[in-house]
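This is what each chain is made of:
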Amino acid sequence: ILGTGSFLAKKIVTNEILEKELGLKRGWIEKKCGVKSRHYVLDEEATDLGKKAALIAIEDANITLEDIDLVIGVSGVMQQAIPSMSALIHKKLGLKKTQTFDINSTCLSFLSGLSIAAELIESKNYKNILLVSGDIASVGLNPKDPKTATLFGDGAAAVIVGPSGESSSHIRGSIFETWSETQDSCLFEGCGTKLHLKSLSEKNSYKQYFQMNGPSLFKVAIPKSLKIFDDLLTKGNIKIEDLDICIPHQASPLALKL
């Protein structure tokens, strides 16, 4: 990873504001979610956030726009169906000829993209790959569901990946698994070909929002994640005591404590 960049949406939304809007007791959000504030867009698009994060990453990597030969979009939720996020950001950056494509594996999009980028760099077909994610979660949050409406915000992140050269920096190992039996516990049904916006009625209008059953996901994910963690250490030939830091992806601090 040669450079990194991040950018947050303009508007800061505090717990006090949301607790008043959702009719929650003061302090409920921080106690349940561990979140004090989040950022929401005002007039920005997801690709605007992505562009700014990308420019910061490019500067941090000490390269130029002309040095980028591939843009991989790794957003959790796309701005629109067509063109892809990577193509839209490609245009806003003013890039020419550079290849683009998106990877959509929701919360794992960046990790999936990083793993693929590493393989492409190793093949020597690419030299500087931009991975960029711009996500606006606020528009898809159900105001009647405090469990999800209080968690997410809007922002973007980007990294530049390139060959390590004389450095020993590399990915020691990666493992990905899909547990499709839990798909009903975390979904966004509306706006696709199955349930177009014109098909939504008052009865199923909630399907235009993000839905999540945290306890159900947690029950399945924890034992499976621990098994993957052990397998990954074996694959990378690393002992757990050799680790300096472990960064889990988990929206709930309560789950981390367990």
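Here, every reference points to the structure presented above.
Residues numbered from 1 in each chain as written. Predicted model: local features only at pLDDT ≥ 70, side-chain atom pairs only at ≥ 80, totals over all residues. Heavy atoms only, no water.

Participant: Teacher, can you tell me more about unusual backbone geometry here?
Facilitator: Of the consecutive residues Ile 82 and Pro 83, the connecting peptide bond is found in the cis state with omega at -10 degrees. With respect to the secondary-structure elements, Pro 83 resides in the loop between β4 (70-73) and α4 (85-93). Phi at Thr 106 takes a positive value of approximately 45 degrees, unusual for a residue other than glycine. Locating Thr 106 in the fold gives a position in the loop between β5 (99-102) and α5 (109-122). On the basis of relative accessible area, Thr 106 is assigned to the exposed category, the value being 52%. One non-glycine residue with positive phi stands out, namely Lys 124, at about 70 degrees. Structurally, Lys 124 is set in the loop between α5 and β6 (129-136). A residue is classified by how much of its surface remains accessible, and Lys 124, at 72% relative accessible area, is exposed. (Helix = DSSP H or I, 4+ residues; strand = E, 2+ residues; numbered from the N terminus. Buried < 20%, exposed > 50% of the residue type's maximum accessible area, 1.4 Å probe, protein only.)

Participant: I tried to follow the pairing of β6 on my own but got confused; where do I start?
Facilitator: Across a regular strand the side chains alternate sides, sitting on one face of the sheet and then on the other. Buried residues dominate β6, accounting for 8 of its 8 residues. Burial of the side chains of β6 extends over both faces: Ile 129, Leu 131, Ser 133 and Asp 135 are buried on one face and Leu 130, Val 132, Gly 134 and Ile 136 on the other. Relative to β6, β4 runs parallel, the two being bridged by 4 bridges. Across the sheet, the residue bridging to Gly 73 is Val 132, located in β6. (Pairing = 2+ DSSP bridges.)

Participant: Mind showing me how you'd approach the layout of surface pockets here?
Facilitator: The rolling of a water-molecule-sized probe over the atoms marks out the regions of remaining empty space. If you add up the space inside the second largest pocket, you get close to 210 Å³. Taken together, Lys 11, Val 13, Ile 17, Leu 18, Glu 21, Leu 22, Tyr 40, Ser 138, Leu 141, Pro 143 and Ala 149 make up the lining of the second largest pocket. Put simply, the parts of the chain that give the lining of the second largest pocket at least two residues each are β2 (11-14) and α1 (15-22). Take the lining of the second largest pocket: its biggest share by element is 4 residues, from α1. Residue classes in the lining of the second largest pocket are distributed as 8 nonpolar, 1 polar and 2 charged. (1 Å grid on protein atoms, 1.4 Å probe; cavity = no way out; pocket = protein on both sides within 12 Å on 5 of 7 lines; lining within 4 Å. Points joined across faces, edges and corners; volume = space filled by probe spheres on them. Nonpolar A, V, L, I, M, F, W, Y, C, P; charged D, E, K, R; others polar.)

Participant: What exactly am I supposed to notice about the nonpolar core here?
Facilitator: One broad rule of soluble globular proteins: the nonpolar side chains tend to lie buried together. Within the largest apolar cluster, 22 residues are counted, with the highest numbers of intra-cluster contacts made by Ile 68, Leu 130, Val 132, Ala 158 and Ile 160. Counting residues per element, the ones that place at least two in this core are α3 (46-60), α4, β6 and β7 (154-161). Broken down by element, this core gets its largest block of residues, 6 residues, from α3. In contact with Leu 130, other than residues within four places in its own chain, are Ala 54, Ile 68, Leu 70, Val 71, Ile 72, Leu 93, Ala 158, Val 159 and Ile 160. Grouped together as the second largest cluster of nonpolar side chains are 12 residues, Val 74, Leu 114, Ile 121 and Ile 129 included. (Core = buried A, V, L, I, M, F, W, Y, C linked by side-chain atoms within 4.5 Å. Contact = heavy atoms within 4.5 Å.)

Participant: Whenever I open this one, helix α7 (residues 214-235) confuses me. Can you help?
Facilitator: At 3.6 residues per turn, the α-helix brings residues three or four places apart onto the same side. A rise of 1.5 Å per residue sets the reference length of α7, with its 22 residues, at 32 Å; its end C-alpha atoms lie 30 Å apart and thus fit the reference within 8%. Phi turns positive, to about 55 degrees, at Asn 237, one or two residues after α7. (Expected span 1.5 Å × (residues − 1).)

Participant: Which parts of the structure should I look at to understand the packing of α3 against α4?
Facilitator: Working note: a packed helix pair is described by the angle between its axes plus the distance between those axes. Running from amino to carboxyl end, α3 crosses α4 at an angle of 60 degrees, the nearest separation of the two axes being 9 Å. Regarding α3 and α4, the two cross each other, and that crossing is right-handed. Between α3 and α4, the residues in contact are Ala 46, Thr 47, Asp 48, Gly 50, Lys 51, Ala 54 and Leu 55 and Met 85, Leu 88, Ile 89, Lys 92 and Leu 93, respectively. Counted by class, the contact of α3 with α4 contains 7 nonpolar, 2 polar and 3 charged residues. (Axes fitted to C-alpha atoms, helices over the stretch in contact; angles between N-to-C directions. Left-handed = near helix turned anticlockwise from the far one by under 90°.)

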